[in-house]
Amino acid sequence: MKKILILIASFIIFSCQTAPVALFPAKGLTEFQQLQKTFFDEYWEINPGHAMHAGHPGYQAALVVPSEDNLKQQVAFYKKYQKTFSDVKTTHLSKDEQADLDILTKVMDRALWYLEVFQSHHWDPSNYNIGYALGKVWENREKSTTEKIRLLNHILQLAPAYYEAGFKNIKTPTKEHLDLAIKQNQGTLDFIEKYILSQNLDQKFSDLLKESQTSIKNYIVNLEGLKESHTRKKSFKSFRLSPKIYDQKFRHDLETINSAKTIYKKAIKDRDLTHRKMIKISNELWSKYYPKDKPPKDNLEMVQKVLYKISLQHSAAESFVSAVREQIPQLINFVEEKNLLSLDKSKPLKIRETPEYMRGVAAASIDSPGPFEKNRETFYNVTPPASLSAERQQSFLREYNNYMLQILNIHEAIPGHYAQLIYGNKSTSPVKSIFGNGTMVEGWAVYTERMMLEEGYGNHSPELWLTYYKWFLRVTSNAILDYSIHNLNMTKAQAMDLLVRQAFQETTEAEEKWNRATLTQVQLNSYYAGFEEIYGFREKLKKQQGPKFNLKKFHEQFLSYGNSPIKTIIHLMEN
Ligand code: ZN
């Protein structure tokens, strides 16, 4: 699934060396565009990590030393622009510009809330890890190894000061984030060992690398000491947010129309409705898969058994990537035949095996260019299961069976993330492409799954619908889990029941989800919240417009506002 990073830490370490791609034309700027240009010039300086993430050519290697001075600088910057943006007179702005101004104001509010209220720099030691910056340089396909090593210098030189300041910031960590920090920094050490140390390195660079490795090792040792003392005193901070902080984070991160509580209630209702639909389909399919047996009395157990038979219809490990490759043209044809969305033929999707150093838990993901590299190709990374152990491989292939694979491809590629990205990159508003809203991005991908099946993709196959509903249960369960952990004190046992028995997940998947839910807050809610608001808005328009409603027109207009929050898009479409 595509991740939108919210990067708020910053400190300039590496200034522009090449001419940046212009976000704004050189001449003829309106007053508001000029203000945005000034803002962005300062913003990249104060937040080079975000510049690097966005693909800004002037910030190819950035690291922030999280000193106290730096924190103060950031607060001052965001306060200054919070005031500047609130002073802008909106009367002479177009609707689109008003939306940009609204987004900018909210970005300032959110950054300040993170720095002054949420303050994860005091309790999340995994904030400090040079691995992301190292990896970002290393994965740059256009750079030679010599050039990459030159860029890495900038990061490595700062590593000792970076880790020292980071450790100083930690007051009372949560156990979960502390364990994560140890694990991820260990991962960075492994990364250096495997990819960088294997290169032909000169003495000066080798020394610098050694010094950085020592800083990382020291940080890990310090964290282990902290862990020992907090364990002894039972003084860790809880990973659960208070309902008040949760609600604030929900509003800042997701920017939905509805409150966290309303979304939670809708998720419960949708989950129950999904169960009823799954029971109905499974009843109908039972005799096809179990001609000799009576269905179990427990309805969910019956659904589970039918799902199991369906999951046995899967590709072989060797042909998994080609199975994905073959499905994409079918999806494109369907979208075109049914007139659902225009697809840009000049930008074909490149399907490839996920590069080894990028492989994680995801079966597939979209690797797309940032706002500064619009001409770069987009890759659909598919991880071949061949490298997994025999048992994991079988479980992976059952999960991504012939039916689930189609839902995955709809979500990640056509007309999900990939199609949305092409539209997003067409937006001429730098604000909307740089401060993309994750709820809109994930919500769109989840919406397209339902839309495709409703339009008849897969010929209304009951197997495909049942599999889809299992996938959709993951979406509703994520929302229920996330809300319940922080607001209703949900225990791990309750979570496992929610995910395994009620959502038909494998125990390992459910364990991983519990871990993720203890480490992130609110993000797991974005899929359902986004889906619910897009789908709900479409249904409302359908009702209002009657026979005049045109699905393609709706999709194209919805996608034309870049990665704006759904709330903003609805406002623009309704007025
Ligand atoms: Zn996704």
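The shown structure was predicted, so the numbers you read here are calculated from the model rather than taken from an experiment.

Engineer: I keep staring at the pairing of strand β3 (residues 379-382) and nothing clicks. Help me out?
Structural biologist: Residues in a regular strand point their side chains to alternate faces of the sheet. What you see with β3 is no split at all: F379 and N381 on one side and Y380 and V382 on the other are buried throughout. Summarising the sheet, strand β1 (residues 350-353) and β3 pair through four bridges and their orientation is parallel. Looking across to β3, one finds that I351 is bridged to Y380. Two strands pair when backbone bridges link them, and strand β2 (residues 364-367) and β3 are joined in this way by four bridges, in the antiparallel orientation. The residue of β3 that forms the bridge with I366 is Y380.

Engineer: What is the right way to read the side chain of Q327 from this model?
Structural biologist: Among the secondary structure elements, Q327 is positioned in helix α12 (residues 320-337). A relative accessible area of 10% means that Q327 is categorised as buried. Dropping the residues within four chain positions of it, Q327 is found in contact with N402, L405, Q406 and N409.

Engineer: Got a minute to help me understand the domain arrangement of the protein chain in this structure?
Structural biologist: It is common to give the size of an interface as the accessible area that goes away when the parts come together. Domain boundaries in the protein chain define domain 1 (31-240) and domain 2 (252-574). Taking only C-alpha atoms into account, the centre of domain 1 sits 30 Å from that of domain 2. In total, domain 1 and domain 2 occlude about 3000 Å² of area from one another, counting both sides; carbon and sulfur atoms represent 61% of this. The largest share of the area that domain 1 buries against domain 2 comes from I103, R141 and R240, three residues that together contribute 22% of it. At the boundary of domain 1 and domain 2, one finds three salt bridges. Two residues, D100 and K432, come together in a salt bridge whose shortest N-O distance is 2.9 Å. Taken together, domain 1 and domain 2 are joined by nine residue pairs in polar contact (both at pLDDT 80 or more).

Engineer: I would appreciate a short explanation of the coordination of the zinc ion in the present structure.
Structural biologist: Metal coordination angles in their ideal form are 109.5 degrees for the four-donor tetrahedron and 90 or 180 degrees for the six-donor octahedron. In this structure, H411 (NE2), H417 (NE2), E442 (OE) and E442 (OE) serve as the protein donors to the zinc ion, at separations of 2.1 to 2.7 Å. Since its relative accessible area comes to 2%, E442 is described here as buried.

Engineer: Help me understand the packing of helix α17 (residues 438-454) against helix α22 (residues 551-559), please; the structure alone is not making it clear to me.
Structural biologist: How two helices pack is summed up by the angle between their axes together with the distance between the axes. The N-to-C vectors of α17 and α22 enclose an angle of 165°; their axes lie 12 Å apart at closest approach. What the angle tells us is that α17 and α22 run roughly antiparallel. When the axes of α17 and α22 are compared, the crossing they make is left-handed. Contact with α17, carried on its side by M440, W444, Y447 and M451, involves L551, F554, H555, F558 and L559 of α22 and no other residues of that element. Residue composition of the contact of α17 with α22, grouped by class: eight nonpolar, one polar and no charged.

Each value, and the rule that gives it
Residues numbered from 1 in each chain as written. Predicted model: local features only at pLDDT ≥ 70, side-chain atom pairs only at ≥ 80, totals over all residues. Heavy atoms only, no water. Buried < 20%, exposed > 50% of the residue type's maximum accessible area, 1.4 Å probe, protein only. Helix = DSSP H or I, 4+ residues; strand = E, 2+ residues; numbered from the N terminus. Pairing = 2+ DSSP bridges. Contact = heavy atoms within 4.5 Å. Domains from an automatic or database assignment. Buried area = accessible area lost by both parts, 1.4 Å probe. Salt bridge = Lys/Arg side-chain N within 4 Å of Asp/Glu carboxyl O. Polar contact = N/O pair within 3.5 Å; in protein donor to acceptor, adjacent residues only side chain to side chain. Donors = N, O, S within 2.8 Å, 3.2 Å for Na, K, Ca; no water. Axes fitted to C-alpha atoms, helices over the stretch in contact; angles between N-to-C directions. Parallel < 35°, antiparallel > 145°, perpendicular 65-115°, else oblique. Left-handed = near helix turned anticlockwise from the far one by under 90°. Nonpolar A, V, L, I, M, F, W, Y, C, P; charged D, E, K, R; others polar.

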